[in-house]
Amino acid sequence: MYCRNFGGQGDLLERVDCNLCGSTQQTPVYEMPDTRFFPDETFTVVECSNCGLGFVNPRPSFAEMAKYYPRAYYQAQPTHDFKKYLTKRFEAEARYLREIEDRGGSRKLLDVGCWNGDFPRFMKARGWEVEGVEVSDASEPITDFTVYNQEFQDIPADEPTYDAVTAWAVLEHVHDPMAYFRKASRVIKKDGQFVFLVTNFNSMVSRHLFGEDIPRHLYFFTRETVRQYLDKAGMTLEYEDNGRSIYKMAPANWLTYLVQTRLRGKPFTCKDVPLSSRDFRRAHGLSKGVGASLKYAAYSPSSVMERLLMPAVETAQSLRKNYGISTYVARKV
Ligand SMILES: [Zn+2]
């Protein structure tokens with residue numbers, strides 16, 4: 001991959017060619033700051049003119065990336081509600097592995113990006129042999145199964161030994177997705193499955209509403225670019241599930257965006273994104289309540305209207321496959 005250091009923002013940015021097709025031709029799509037941790041740092045998302053892959057360019061180098069994952073990023077909320085949410089999420093994720101369970105043969109899973117190991121542990125309880133990969137340190141050491149604490153492409157396993165590899169919200173974070181696709185293809189048995197969830201660059205929230213977690217999200221995929229990655233790695237796409245059953249990525253500000261671009265005919269930039277109701281209350285020293293809600297409604301009337309319509313909009317987007325989250329099921333051929 002061609003990289004060079006990029007002057008400017010800390011001198012620690014690198015400019016890269018397309019990870020999927022190698023093209024050097026790109027078109028800027030939007031600019032936005034790291035809204036979570038470094039609001040003074042702005043990044044550009046580009047789209048490859050040849051294949052349509054979206055990516056942050058220039059981007060923080062691999063060594064520099066740790067800075068954008070401070071401890072606060074990993075803090076889990078070990079509350080009862082959080083556990084309930086996780087169980088529901090894992091049940092939704094496990095549904096994608098039912099075909100292998102129904103075969104009745106071996107079932108060995110490698111979960112890439114397993115964090116504290118909760119998903120592999122959930123699958124172990126369903127009778128799977130499990131292993132994990134995680135680059136960050138778990139909050140508790142994982143002792144009940146093997147976890148490779150390194151980048152997926154570097155793990156010692158290199159033979160087709162797994163019936164399934166899963167990667168939930170991982171590929172958009174890595175510096176070299178192609179290496180992940182190729183490694184998955186090497187370690188999955190013939191007819192085994194690669195199941196992964198990524199954000200959807202064909203969605204309004206990813207493409208127009210500044211909903212991506214930048215620069216922690218470095219790559220933005222569509223069904224077409226996913227299909228090309230899989231082809232190059234020796235896997236075939238079985239299907240795409242677009243929706244909110246595992247992770248939600250609501251198209252917040254869709255109405256504000258439409259009013260700005262369609263009615264007023266103006267571009268919608270990250271500066272046009274209204275404060276969330278929580279940030280609005282914080283900025284004005286208000287506590288939650290009717291008074292704060294009314295003040296927020298006066299500040300951003302379309303936010304209130306869009307909240308009412310949001311469930312219907314999310315359903316419509318899922319049906320049209322342009323919701324913000326897609327799960328893909330691929331097969332090793
Ligand atoms: Zn490309």
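Above this note sits the structure.
Residues numbered from 1 in each chain as written. Predicted model: local features only at pLDDT ≥ 70, side-chain atom pairs only at ≥ 80, totals over all residues. Heavy atoms only, no water.

### What about the sheet that holds strand 12 (residues 219-220)?
Within a sheet, each strand pairs with its neighbour through backbone hydrogen bonds, oriented either parallel or antiparallel. The condition that has to hold: Strand pairing requires that DSSP identify at least two bridges connecting the strands. Secondary structure counts use DSSP, requiring at least four H or I residues in a row for a helix and at least two E residues in a row for a strand, with both numbered from the N terminus.
The four strands lie next to each other as 3-4-5-12, forming an open sheet whose pairing is antiparallel. Strand pairing shows two members of the sheet lacking a second neighbour, strand 3 (26-34) and strand 12, which therefore form its edges. Two strands pair when backbone bridges link them, and strand 3 and strand 4 (residues 38-48) are joined in this way by eight bridges, in the antiparallel orientation. Bridge pairing links Glu31 to Thr44 in strand 4.

### Overview of the packing of aromatic side chains
What counts is decided by this rule: Ring pairs shown here join Phe, Tyr and Trp side chains whose ring centres sit within 6.5 Å, with only the six-membered ring taken for Trp; geometry is labelled stacked below 30 degrees between planes, edge-to-face above 60, and tilted in between. Each residue gets one of three labels from its accessible area relative to the maximum for its type: buried under 20%, exposed over 50%, partly exposed in between, using a 1.4 Å probe on protein chains only.
Overall, the coordinates contain 25 aromatic pairs when judged by the stated rule. For the pair Phe280 and Tyr299, a centre-to-centre distance of 4.8 Å together with 25 degrees between the ring planes defines the contact as stacked. Residue Phe280 is located in helix 9 (residues 277-283), and its partner Tyr299 is located in helix 10 (residues 290-299); the two are separated by 19 residues in the primary sequence. On the basis of relative accessible area, Phe280 is assigned to the buried category, the value being 5%. In this structure Tyr299 comes out as partly exposed when scored by relative accessible area, which is 37%. By the ring-pair criterion, three or more aromatic residues cluster together here, those being Phe181, Phe194, Phe196, Phe221, Tyr229 and Tyr328.

### A word on unusual backbone geometry
The omega torsion of the bond from Asn57 to Pro58 falls at 0 degrees, within 30 degrees of zero and hence cis. Structurally, Pro58 is set in the loop between strand 5 (54-56) and strand 6 (59-60). Note the cis peptide between Ile214 and Pro215, where omega equals 5 degrees. By the secondary structure assignment, Pro215 is in the loop between helix 6 (204-207) and strand 12. Although it is not a glycine, Trp115 sits at a positive phi angle of roughly 55 degrees. Of note in this structure, Lys321 is not a glycine but carries a positive phi near 60 degrees. Its location among the elements puts Lys321 in the loop between helix 11 (301-319) and strand 14 (325-332).

### Here's the deal with the environment of Gly113
Which entries qualify depends on this criterion: In what follows, a contact means two residues having at least one pair of non-hydrogen atoms within 4.5 Å.
Examined against the element boundaries, Gly113 turns out to sit in the loop between strand 7 (108-112) and helix 4 (118-124). The class of Gly113 is partly exposed, set by a relative accessible area of 31%. When the C-alpha positions of Gly113 and Gln150 are compared, they lie 9.9 Å apart, and in sequence the two are 37 residues distant. Excluding residues that lie within four positions of it along the chain, Gly113 makes contacts with Val133, Glu134 and Val170.

### Some remarks on the pattern of salt bridges
The test is simple: One side-chain nitrogen of Lys or Arg within 4 Å of one carboxyl oxygen of Asp or Glu is enough to make a salt bridge.
Counting across every chain of the model gives 23 salt bridges. Ionic pairing is found between Arg59 and Glu14, a salt bridge with its closest N-O pair at 2.8 Å. With a gap of 45 residues between them, Arg59 in strand 6 and Glu14 in strand 2 (residues 13-16) connect regions that are remote in the sequence. Here Asp144 makes a salt bridge to Arg121, at a shortest N to O gap of 2.7 Å. Separated by 23 residues along the polypeptide, Asp144 in the loop between strand 8 (129-133) and strand 9 (146-148) and Arg121 in helix 4 bring together distant segments of the chain. Accessibility expressed as a relative area gives 33% for Asp144, which makes it partly exposed. Assessed through its relative accessible area of 29%, Arg121 is described here as partly exposed. Here the salt bridges do not stand alone but share partners, grouping Glu99, Arg103, Asp191, Glu238 and Arg331 into one network.

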